[in-house]
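Inside the fold
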Amino acid sequence: MSSEKRRAFGARVADLRRRKGLTQEELAAAVGRTASWLSQVERGVQPVNRLDVLRLLADGLGVPLQVLQPDAPSPVESEPEASALDQARLVLSGHAALDVLLGPHQDFQPDALIDLRESVNRIWELTHTGRFADLSAVVGPVVAQLERGSRTAPDEYVPELRGLLAGTYQALAAAFVRQNEADAAWVAADRAIREAELSGDPLGVFAGIYRLCHAFVHLKHLDQAEHAATTAVGVLQQHVENAEPTPEHLSVLGSLHLVLALVHARSGKRAYARQQIEDARRVGRRLGEDRNDFNLEFGPTNVEIQAVSTAVDLGDAGEALDLAQDLRTGGLSAERQARLLMDVGRAHAQRRQYADSLACLLRAEELAPEMIRTHAAARSAVRDLVLAAGRSASDGLRALAERTDTLD
């Protein structure tokens, strides 16, 4: 895009924004960018070449794409971008066990449970390590087997099959959230909740609600996330107070406090967010160890990782760096370790410590490449570093921006 075209485009964005009655901060938030980025766009400094960014701007301004950019391809001409989870999304499309509904079907073989248990563990491993293309390739046959088995197996095997199915759908929900495909995450989480209830595992239902809340957050349905999490915390807290809780009860309760902290932080409710972190800390101390019940990785260490993230979301970079300083995360998954490094990188960026920020993001990429290249917060941090550096951006930063596709 030439400088003349950039200026004309920027003037068009500014004019449409004013007609819509939006401030730069409001429009920037709607498209997941900073106000400084939008200011540079409107001044013709920052080009916008990517089609997905153009669509976001058009949606934020409430106009068709061609009004914003007349030479943009029409919806018929444009091809949808490929996703590592495209095949996994198809797993959610339709009914996975239609063949057992209308006629004779093959009897379930109990020996298959051994392989199915291993397959579900493998699906979680791929989710935690961010290997979404591999996950997408293996999840379809597993879901099909579990869906068929839950309908054809003798009654004694059905609860476990449905429990494995609930865990698989939870893994899919977690993966879709991390790939910013929150609509699919919502479907997967809803199915996880249903299967957990049918399996007779009430805590699995609460764990599914945790996944559902994350989908709501990514869809910016914060009121729904707050309602679902608050209701679940209230019920589970009452149970914990009236009975001797198992470690699993505490893990799920603590995780729900953490998702509520996220919701309140994204809503700008500082006091409420901090209260939920303190509540999660109390649960973590009561639990006394880092665990991985329902693949939630809840424990004292994960509480502090979330406390770092919450502080960054609230703009308290100094507090985030202080909290992260003495954390030891070697016993957690690569995804959790990378998440902490990503948030520390964001905190350094907020304090304009750009070299330290880049170093953290690169270390996070080594641990979980796909997460850093697809996570909205990570990509936003990389974009901000590029904007701050301008023409003096290092080769390493430019290479990271290319890998994360943040060079607009």
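A brief look at the structure comes next. (Residues numbered from 1 in each chain as written. Predicted model: local features only at pLDDT ≥ 70, side-chain atom pairs only at ≥ 80, totals over all residues. Heavy atoms only, no water.)

Here we look at the overall build of the protein chain
- Across its full length, the protein chain holds 21 helices and zero strands.
- Relative to its length of 408 residues, the protein chain is compact, with a C-alpha radius of gyration of 23 Å against a globular reference of 22 Å.
- Expressed along its principal axes, the backbone C-alpha trace of the protein chain runs to roughly 70 × 50 × 40 Å.
- For the protein chain, the residues scored as buried account for 52% of the 408 residues in total.
- A total of about 18900 Å² of accessible surface is found on the protein chain, and carbon and sulfur atoms cover 50% of it.
- Each charge class in the protein chain can be summarised by its mean position, and for the 46 positive and 57 negative side chains these summaries are 8 Å apart. (Helix = DSSP H or I, 4+ residues; strand = E, 2+ residues; numbered from the N terminus. Rg over C-alpha atoms; globule rule 2.2 N^0.38 Å. Buried < 20%, exposed > 50% of the residue type's maximum accessible area, 1.4 Å probe, protein only. Areas by Shrake-Rupley, 256 points an atom, 1.4 Å probe, with all protein chains shown as cover. Lys, Arg positive; Asp, Glu negative; His and termini not counted. Charge placed at Lys NZ, Arg CZ, Asp CG, Glu CD.)

Points about the packing of helix α13 (residues 247-266) against helix α14 (residues 270-287)
- α14 packs onto α13 with a crossing angle of 165° between their chain directions and a minimal axis gap of 8 Å. On the basis of their axis angle, the class for α13 and α14 is roughly antiparallel. The hand of the α13/α14 crossing is left-handed. Residue-level contacts link Pro247, Leu250, Ser251, Leu253, Gly254, His257, Leu258, Leu260, Ala261, His264 and Ala265 of α13 to Tyr272, Ala273, Gln276, Ile277, Asp279, Ala280, Val283, Arg286 and Leu287 of α14.
- Its residues assigned to classes, the contact of α13 with α14 comprises 13 nonpolar, five polar and two charged. (Axes fitted to C-alpha atoms, helices over the stretch in contact; angles between N-to-C directions. Parallel < 35°, antiparallel > 145°, perpendicular 65-115°, else oblique. Left-handed = near helix turned anticlockwise from the far one by under 90°. Contact = heavy atoms within 4.5 Å. Nonpolar A, V, L, I, M, F, W, Y, C, P; charged D, E, K, R; others polar.)

Looking at the nonpolar core
- Membership of the largest hydrophobic core comes to 73 residues, with the highest contact counts inside it found for Leu135, Val139, Leu146, Leu172, Phe176 and Leu256.
- No other element matches helix α9 (residues 158-178), which puts 13 residues into this core.
- If sequence neighbours within four positions are ignored, Val139 has contacts with Ala88, Val91, Ile123, Thr168 and Leu172.
- Residues Met342, Ala364, Ala377 and Leu397 belong to the second largest nonpolar core, which totals 20 residues. (Core = buried A, V, L, I, M, F, W, Y, C linked by side-chain atoms within 4.5 Å.)

Here we look at the packing of helix α16 (residues 317-325) against helix α17 (residues 334-350)
- The geometry of α16 relative to α17 is characterised by a closest axis approach of 9 Å and an angle of 140° between their N-to-C directions. For α16 against α17, the interelement crossing comes out left-handed. Contacts between α16 and α17 pair Ala317, Ala320, Leu321 and Ala324 from the former with Leu340, Val344, Ala347, His348 and Gln350 from the latter.
- Among the residues making up the contact of α16 with α17, the classes are represented as seven nonpolar, two polar and no charged.

Observations regarding the pattern of salt bridges
- Considering all chains together, one arrives at 28 salt bridges under this definition.
- The partner of Glu181 in a salt bridge is Arg89, with the nearest N and O atoms 2.9 Å apart. Within this pair, whereas Glu181 is found in the loop between α9 and α10 (182-199), its partner Arg89 is found in helix α6 (residues 86-91), the two being separated by 92 residues in sequence.
- Residue Glu181 is classed as buried on the basis of its relative accessible area, which comes to 10%.
- Here Arg336 ties to Glu335 by a salt bridge, and the two come within 3.2 Å at their closest N and O atoms. For the pair formed by Arg336 and Glu335, the shared burial category is buried. (Salt bridge = Lys/Arg side-chain N within 4 Å of Asp/Glu carboxyl O.)

Digging into the environment of Gly288
- Within the fold, Gly288 resides in the loop between α14 and α15 (300-313).
- Put simply, Gly288 and Leu92 are 196 residues apart on the chain and 38 Å apart in space, counted from C-alpha to C-alpha.

A short note on unusual backbone geometry
- With a phi angle near 65°, Lys220 is a residue other than glycine that sits in the positive phi range.
- On the secondary structure map, Lys220 appears in the loop between α11 (202-218) and α12 (222-242).
- If you check the backbone angles, Arg352 has positive phi at about 60° while not being a glycine.
- Mapped onto the elements of the fold, Arg352 is located in the loop between α17 and α18 (354-367).

Quick look at α15
- Compared with the 20 Å implied by 1.5 Å per residue over 14 residues, the 20 Å span of α15 between its first and last C-alpha is a close match.
- Taking burial as the measure, the 14 residues of α15 include twelve buried ones, the bulk of the element.
- Those residues of α15 lying buried are Thr301, Asn302, Val303, Glu304, Ile305, Gln306, Ala307, Val308, Ser309, Thr310, Ala311 and Val312.
- Lining the buried residues of α15 we find α13, α14, α16 and α17. (Expected span 1.5 Å × (residues − 1).)

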